[in-house]
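# Coordinate analysis (summary)
Okay, here's what each chain looks like letter by letter:
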Amino acid sequence: MTAPLEVVGRSVERSDAVGHVTGRTRFAADRAFPGMLHLKMVRSPLHHARVRGIDLSEAERVPGFVRALTAADVPHNRYTILSLIGVEPEEEFVLAEDRVRFKGEAIVAIVAETEEAAMEAVAKVRLDLDELPAVFDVEEALKPGAPIVTHWGNNTFMYEGHPCRRVRLGDVEAAFARADHIVEGVYNSSPIEHAPLETTGCIAVPEGGRFTVYTNTQALYFSLDNTSIILQVPGNRLHFIGGTVGGGFGGKVDVIVEPIATLAAMKTGRPVRFVYSRSEEMQVSSTRSAWRIYLKDGVTADGRIIARKVTSYADSGAYSRQTPYALTKHAANAAGPYAIPNVSIDAYCVYTNRQPTSAMRGFGVTMASFALEVQMDRIAETVGLDPWSIRFLNAYRNGDMKPHRKLADDATLIETMQAAAALVGHELTAEQQAMTSAPRAGGDPGGR
Amino acid sequence: MASTIVTFELGGREVEVLVRPMTTLQSVLRNQLGQTATKDGCRQGGCGSCTVLVDGEPMASCLLPIEDVAGRRVTTLESLTPAEGLHPVQQAFVDEYAFQCGYCTPGMVMLSKALLDHDPAPNDEAIGQALAGNLCRCTGYRPIVDAIRHASGAMSGHDTEPVR
Ligand code: FES
Ligand code: FES
């Protein structure tokens, strides 16, 4: 006997609906605890500088000041979020050591009885900084003599010893030589801030040798495990409570507020609240990377793309966070949903002195799609086809080998375009209407 | 400067608070009175998540010095919510799925209530104008507009299907 479907096909009230419309939903920063302290951050006013000294004497005299934390207080100060999945090296600092690499980098955490006292003490910390030359452009950062951002001597993330993530299929140069047209383009995008309506934040509460952390992270166990590594305490002493996120869009997967708030709770024995101001959210939290993508395509007179060369640079900012992963994902998608027999992709994760960048909705792929689809229109123009025809002609099908050696088995580009054409009232040719993503009669188109 | 005592009406009750200079209504509500339905998205008048009604007018509580509220009538989402069930505006937000993360929702509900008090059957332009100061990063606003239309119908006694 099968039970009737109670949910599928019907609208169901969301479990959090009444909480949201009555304001009873508890967001992380809606909580308060007796004796709760407030943490505010002293941040670098410079894009790149050597840290010569930190003078706390005036700050310590602010009424309500409780304590300051510097790099020396953090048990495992150099970390990388993705070490959890084996990404190396550790290269970001919970609190800056001898160098700051972006404007807004955290240097000293101030803990005080009230938010106002914390802000006043932050303003009274004297930093002795020696400004260093900074670099803000991905290609400038790769030139000889550019200021070096990382601690290993060049400005790229290294993929198994290579300065970029590489994908190779066939022979692009040979195919360019026999192509009827070469179409080249360069595509740039700006950094984009997620701007969640609720800013990033958490409250860490000491509870009998354990710490309960109320947080609005999108990645609870990333936060817990990284906090465990940074504070060198076993995970069973950390109890993270989350799940209510006032907007994230990828911007709340970095592990920035929990480790330092938990450390402050450890050092003071009191609950500690660390919540970003709106300006910190805008100026310090990760953004989507700025990208520069060079495309070079070899095309036959009838519109078939026979070679595609992609050189991509993502501006990771001063630290890599989730961006190395973005470039890997990018490299797997940078040729687009097209059957192209010769492909070469070099995808660089570049360090600059800008604020670090990280996850944001489809990161690695979104900007590739933007570049590729503008490029497709330009190819169509070059060979005298309409934008629909160029895509039907080159669309990948099930059974095609993708450049990174994955067999396509879930291709739906053709069907999606057919549905889109119907929706916008565009008339397709009989041939286009008859096409499907089913495997080609002769198997993979080859030419390789 | 010394702290002062400020008295105002909150949800029909008189409240008295001891405040330091520069304290905002938002801070009094959230930090002294534990009324955290009023949200805290920016503290600079930019997002509307802290919207409350003062003498029936929607205002950004993060920009209101508490002294300016002395003797006035403040309505928050806590005071709008009936003891049982939901206010028609709240119900309309539930029915229209007028939120994703929910962080803008308290401000949106207060704003919608004020709008409908002034104009029980607002047209699209009036709704758009009323929403101009309140940001939603998630929904794209459409379901919020639908919820306001829906509430307008429900409150005038004849339920109208929102136009999609
Ligand atoms: S918190 Fe008041 S407008 Fe944003
Ligand atoms: S529902 Fe997330 S900001 Fe409106």
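This part covers helix α11 (residues 387-394) of chain A. Turn by turn, an α-helix covers 3.6 residues, leaving residues three or four places apart pointing in a common direction. Considered for burial, the residues of α11 of chain A that qualify are Ser389, Ile390, Arg391, Phe392 and Asn394 of chain A. Looking at where α11 of chain A begins, the residue whose side-chain oxygen comes 2.9 Å from the main-chain nitrogen of Trp388 of chain A is Asp386 of chain A.

Moving on: the sheet that holds strand β14 (residues 272-275) of chain A. Backbone hydrogen bonds hold the strands of a sheet together, and the pairing may be parallel or antiparallel. All names here are of chain A. Reading across from one edge, β3-β7-β1-β14-β11-β12-β13 is the order of the seven strands in this open sheet, with mixed pairing throughout. Both outer strands of the open sheet, β3 (65-69) and β13 (238-241), are each paired with one neighbouring strand and no more. Strand-to-strand twist of the sheet, defined as the mean angle between neighbouring strand axes without regard to direction, takes the value 25 degrees. Pairing geometry for β3 and strand β7 (residues 106-112), over four bridges, is antiparallel. The partner of Phe65 across the bridge, within β7, is Ala112. The strands touched by helix α3 (residues 115-123) within the sheet are β1 (37-43), β3, β7 and β14, with β1 carrying the most contacts at an inclination of about 20 degrees. Here helix α7 (residues 257-268) sits on the sheet and contacts β1, β3, β7, β11 (201-207), β12 (210-215), β13 and β14; the angle it forms with β11, its principal contact strand, is near 30 degrees.

The next thing to look at is the confidence of the model for chain B. Overall, the prediction assigns chain B a mean pLDDT of 94, with 95% of residues at 70 or greater. A low-confidence stretch, residues 159-164 of chain B (pLDDT under 50), is modelled with 14 contacts involving residues beyond four sequence positions or located in other chains.

What follows concerns the packing of helix α10 (residues 366-383) of chain A against α11 of chain A. All names here are of chain A. Viewed as axis vectors pointing N to C, α10 and α11 meet at an angle of 105 degrees, and their least axial separation amounts to 8 Å. Between α10 and α11, the angle falls in the class roughly perpendicular. Facing α10, whose interface residues are Glu373, Met376, Asp377, Ile379, Ala380 and Val383, α11 presents Pro387, Ile390, Arg391 and Asn394. Taken together, the residues of the contact of α10 with α11 break down into six nonpolar, one polar and three charged.

This brings us to the interface of chain B and chain A. Between chain B and chain A, the contact holds 29 residues from the first and 29 residues from the second. A combined buried area of about 2,300 Å² lies between chain B and chain A, and 59% of that area is made up of carbon and sulfur atoms. Looking only at chain B, the three residues that lose the most surface to chain A are Tyr97, Tyr103 and Arg137 of chain B, adding up to 27% of its buried area. Linking chain B to chain A there are three salt bridges. At the junction of chain B with chain A, the criterion picks out twelve residue pairs in polar contact (both at pLDDT 80 or more). Counting only elements with at least two residues in the side of chain B that touches chain A, the list comes to α3 (88-95) and α4 (105-118) of chain B.

All names here are of chain A. For the structure on display, the rule yields eleven aromatic pairs over all chains. Both rings, one in Trp152 and one in Tyr351, keep their centres 5.4 Å apart while their planes meet at 85 degrees; by these two values the pair is edge-to-face. With Trp152 in the loop between α4 (138-141) and β9 (165-169) and Tyr351 in strand β17 (residues 343-351), the pair connects residues that are 199 residues apart, well separated along the chain. The exposure class assigned to Trp152 is partly exposed, which follows from its relative accessible area of 26%. Ring geometry for Tyr325 against Phe363: centres 5.7 Å apart, planes inclined by 55 degrees, an arrangement best described as tilted. Of the two residues, Tyr325 is situated in helix α9 (residues 323-333) and Phe363 in the loop between β17 and α10; the sequence distance between them amounts to 38 residues. A relative accessible area of 38% places Tyr325 in the partly exposed class. Site record: aromatic cluster; members linked through ring pairs are Phe93, Phe102 and Tyr319. Over the face of the ring belonging to Phe176 we find Lys296, whose NZ or CZ atom lies 4.5 Å from the ring centre.

In total, this model carries 32 salt bridges over all chains according to the counting rule given. Of the charged contacts, one joins Asp30 of chain A and Arg30 of chain B as a salt bridge, the two residues approaching to 2.9 Å between their closest N and O atoms. Of the two residues, Asp30 of chain A is situated in the loop between α1 (17-22) and β1 and Arg30 of chain B in helix α1 (residues 25-32); the pairing between them involves two chains. The burial state of Asp30 of chain A is the same as that of Arg30 of chain B; both residues are buried. Two residues, Arg354 of chain A and Asp315 of chain A, come together in a salt bridge whose shortest N-O distance is 2.9 Å. With a gap of 39 residues between them, Arg354 of chain A in the loop between β17 and α10 and Asp315 of chain A in strand β16 (residues 305-317) connect regions that are remote in the sequence. With relative accessibility at 30%, the residue Arg354 of chain A sits in the partly exposed group.

Quick look at the domain arrangement of chain A now. Put simply, an interface is often sized by how much accessible area is lost when its parts join up. Residues and elements named next belong to chain A. You can read the domains of chain A as domain 1 (28-132 + 194-275) and domain 2 (165-192 + 286-443). On a C-alpha basis, the centres of domain 1 and domain 2 stand 39 Å from each other. At the junction of the two partners, domain 1 supplies 20 residues and domain 2 supplies 20 residues. Buried surface at the junction of domain 1 and domain 2, summed over both partners, amounts to about 1,600 Å²; 52% is from carbon and sulfur atoms. At the junction of domain 1 with domain 2, the criterion picks out two salt bridges. Glu92 is the salt-bridge partner of Arg321, the closest N and O atoms lying 2.6 Å from each other.

Further remarks concern the nonpolar core. A general tendency of soluble globular proteins is for nonpolar side chains to be buried together. Ranked by size, the top nonpolar core spans 58 residues in total, and within it Ile293, Leu295, Leu327, Ile345 and Ile379 of chain A carry the most contacts. Counting the residues that make up this core, at least three belong to each of domain 1 (28-132 + 194-275) and domain 2 (165-192 + 286-443) of chain A. Each residue touching Ile293 of chain A, except ones within four places of it in the same chain, is listed here: Gly185, Val186, Tyr187, Val310, Thr311, Ser312, His330, Met367, Ala368 and Ala371 of chain A. Grouped together as the second largest cluster of nonpolar side chains are 36 residues, Cys42, Phe99, Ala114 and Leu115 of chain B included.

All names here are of chain B. Ordered in space as β2-β1-β5-β3-β4, the five strands form an open sheet in which the pairing is mixed. Taken across any chain shown, the strands that pair with only one partner, and hence form the sheet edges, are β2 (13-19) and β4 (57-60). Averaged over all pairs of adjacent strands, the angle between strand axes in this sheet comes to 40 degrees, irrespective of strand direction. Of the strand pairs in this sheet, strand β3 (residues 51-54) and strand β5 (residues 73-75) are connected by two bridges, and their pairing is antiparallel. Each residue of the ladder has a partner; that of Val54, found in β5, is Val74.

Reading the values: rules and limits
- Residues numbered from 1 in each chain as written.
- Chains lettered and ligands numbered in written order.
- Predicted model: local features only at pLDDT ≥ 70, side-chain atom pairs only at ≥ 80, totals over all residues.
- Heavy atoms only, no water.
- Buried < 20%, exposed > 50% of the residue type's maximum accessible area, 1.4 Å probe, protein only.
- Helix = DSSP H or I, 4+ residues; strand = E, 2+ residues; numbered from the N terminus.
- Polar contact = N/O pair within 3.5 Å; in protein donor to acceptor, adjacent residues only side chain to side chain.
- Pairing = 2+ DSSP bridges.
- Axes fitted to C-alpha atoms, helices over the stretch in contact; angles between N-to-C directions.
- Contact = heavy atoms within 4.5 Å.
- pLDDT = per-residue confidence, 0-100.
- Parallel < 35°, antiparallel > 145°, perpendicular 65-115°, else oblique.
- Nonpolar A, V, L, I, M, F, W, Y, C, P; charged D, E, K, R; others polar.
- Buried area = accessible area lost by both parts, 1.4 Å probe.
- Salt bridge = Lys/Arg side-chain N within 4 Å of Asp/Glu carboxyl O.
- Phe/Tyr/Trp six-rings, centres within 6.5 Å; stacked < 30°, edge-to-face > 60°.
- Lys NZ or Arg CZ within 6 Å of the ring centre and 35° of its normal.
- Domains from an automatic or database assignment.
- Core = buried A, V, L, I, M, F, W, Y, C linked by side-chain atoms within 4.5 Å.

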